[in-house]
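# Residue-level structure breakdown
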Amino acid sequence: MFTVRISKILFVLSAALFAALVSMNNILDYQINFAAVRHVMLMDSVFPGNNSMWRAVEAPWLHHLAYWLIIATEVAIALLGFWGASDLWRARRDAAQFNRRKTKAVLALTLGILLWFGGFLVVAGEWFLMWQSQDWNAQQPAFFFAASFLLILILLVREDRDDRSTSPP
């Protein structure tokens, strides 16, 4: 079971690193990645004659606000993930303590699912109809990210036990 705990720590660490790299890329390549948020919110590439165009947001400050909320969430995922992985590492030798130390990692993974499923698939995909765009549709990668975080979360929340408690009597 000790090996499974190490596996869980490495998965949480990988998720944190992923979020850190994504947020870094969004900050360092601000204009390129901001363009995607802007176009999705403007709904300027959805099917012509769409009756849902009233949903479009044209205020540039709201585009920037949405983008900074995305980046802030990614940073929070990274920080909570690294902190959570560190907590888990310190508790790796004791199952009960390991189980109690999962909170930050669970929060990080949950935030990741909320961002990429709730933010990208639900809000961008369905509210702003991102799925209709040939150029700005990020639903496939968002689904992959959300599903990856969900799989790690499912593995992480499984209760850990000490090796001796799982051996037959």
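Residues numbered from 1 in each chain as written. Predicted model: local features only at pLDDT ≥ 70, side-chain atom pairs only at ≥ 80, totals over all residues. Heavy atoms only, no water.

## Details of the overall build of the protein chain
Inclusion rule: Helix and strand definitions here come from DSSP, where helices need a minimum of 4 consecutive H or I residues and strands a minimum of 2 consecutive E residues; each element is numbered from the N-terminal end. Working definition: with a 1.4 Å probe on protein chains only, accessible area under 20% of the residue-type maximum means buried, over 50% means exposed, and in between means partly exposed. Residues count as neighbours in contact if any of their non-hydrogen atoms are within 4.5 Å of one another.
Scanning the protein chain from terminus to terminus reveals seven helices and zero strands. Counting helices and strands in the order they occur from the N terminus, the protein chain gives α-α-α-α-α-α-α. Viewed in the frame of its principal axes, the protein chain has a C-alpha envelope of about 70 × 30 × 20 Å. For the protein chain, the proportion of its 169 residues judged to be buried stands at 40%. By sequence separation, contacts in the protein chain at least 24 residues apart represent 78% of the contacts at least 6 residues apart.

## Here's the deal with the environment of Trp116
By the secondary structure assignment, Trp116 is in helix H5 (residues 103–127). Along the chain, Trp116 and Leu62 lie 54 residues apart, while their C-alpha atoms are 19 Å from each other. Every residue in contact with Trp116, bar those within four places of it in the chain, is listed here: Phe18, Val22, Glu74, Ile77, Leu121, Ala142, Phe145, Ala146 and Phe149.

## Comments concerning the packing of helix H1 (residues 2–28) against H5
Stated formally: Every angle, taken between N-to-C directions, lies between 0 and 180 degrees, and every axis is a line fitted to C-alpha atoms, over only the stretch in contact when it is a helix. Here the word oblique covers every angle except those under 35 degrees (roughly parallel), over 145 (roughly antiparallel) and from 65 to 115 (roughly perpendicular). In this scheme, a crossing is called left-handed if the near helix is turned counterclockwise away from the far one by less than a right angle; it is called right-handed if the turn is clockwise. Charged residues are taken to be Asp, Glu, Lys and Arg, nonpolar residues to be Ala, Val, Leu, Ile, Met, Phe, Trp, Tyr, Cys and Pro, and polar residues to be all remaining types, Gly included.
Relative orientation of the contacting elements H1 and H5 amounts to 45°, with a least axis distance of 10 Å. Looking at the two axes, H1 sits oblique to H5. The interaxial crossing formed by H1 with H5 has left-handed handedness. Residues Val12, Ala15, Phe18 and Val22 of H1 form the contact with H5, whose participating residues are Ala105, Leu109 and Trp116. Per-class residue counts for the contact of H1 with H5 are seven nonpolar, no polar and no charged.

## Overview of the pattern of salt bridges
What counts is decided by this rule: Any carboxyl oxygen of Asp or Glu that lies within 4 Å of a side-chain nitrogen of Lys or Arg is treated as forming a salt bridge with it.
As enumerated under the stated definition, the model contains seven salt bridges in all. Asp87 is paired through a salt bridge with Arg90; the nearest N and O atoms lie 2.6 Å apart. Linking Asp87 with Arg90, this pair stays in helix H3 (residues 60–90), spanning three residues, or about one helical turn. Between Asp160 and Lys102 there is a salt bridge, with the nearest N and O atoms lying 2.9 Å from each other. In this pair, Asp160 sits in the loop between helix H6 (139–157) and helix H7 (163–166) while Lys102 sits in the loop between helix H4 (95–100) and H5, placing the two residues 58 residues apart along the sequence.

## Side note on the nonpolar core
Threshold: Within this scheme, the nonpolar core is defined by two criteria: the residues are buried Ala, Val, Leu, Ile, Met, Phe, Trp, Tyr or Cys, and they are joined through side-chain atoms within 4.5 Å.
Among the nonpolar cores identified, the biggest contains 40 residues, and Val12, Leu88, Leu109, Trp116 and Phe149 are the most heavily contacted of them. Looking at this core, the elements that each hand over two or more residues are H1, helix H2 (30–42), H3, H5 and H6. For Leu88, the contacting residues outside a window of four places in its chain are Ile9, Val12, Phe98, Arg101, Lys102, Ala105 and Leu156.

## A short note on H1
Residues three or four positions apart in an α-helix share a direction because the helix packs 3.6 residues into each turn. Inclusion rule: By definition here, a helix of n residues has an expected span of 1.5 Å times n minus one.
Look at H1: 39 Å from first C-alpha to last across 27 residues, which is about the 39 Å you get at 1.5 Å a residue. By the burial criterion, the buried members of H1 are Arg5, Lys8, Ile9, Val12, Ala15, Ala16, Ala19, Val22, Ser23 and Asn26.

## Examining unusual backbone geometry
The residue Met43 is not glycine, and still its phi comes out positive at about 55°. On the accessibility criterion, Met43 (2% relative accessible area) is buried. Its identity is not glycine, yet Leu129 carries a phi of approximately 55°, on the positive side. Turning to its location among the elements, Leu129 is positioned in the loop between H5 and H6.

## Re the packing of aromatic side chains
For any two aromatic rings, the description comes down to two numbers: the centre-to-centre distance and the angle of the planes. What counts here: Stacked, tilted and edge-to-face are the three classes assigned to paired rings of Phe, Tyr and Trp, where Trp is represented by its six-membered ring and a pair needs centres within 6.5 Å; plane angles under 30 degrees give stacked, over 60 edge-to-face, the rest tilted.
For the structure shown, the criterion picks out twelve aromatic pairs. Arranged with centres 5.3 Å apart and planes meeting at 55°, the rings of Trp116 and Phe149 form a pair that is tilted. Of this pair, Trp116 sits in helix H5 while Phe149 is found in helix H6, placing the two residues 33 residues apart along the sequence. Here Trp116 and Phe149 have matching classes, each one buried. An angle of 65° between the planes, with centres 6.3 Å apart, marks the rings of Phe144 and Phe145 as edge-to-face.

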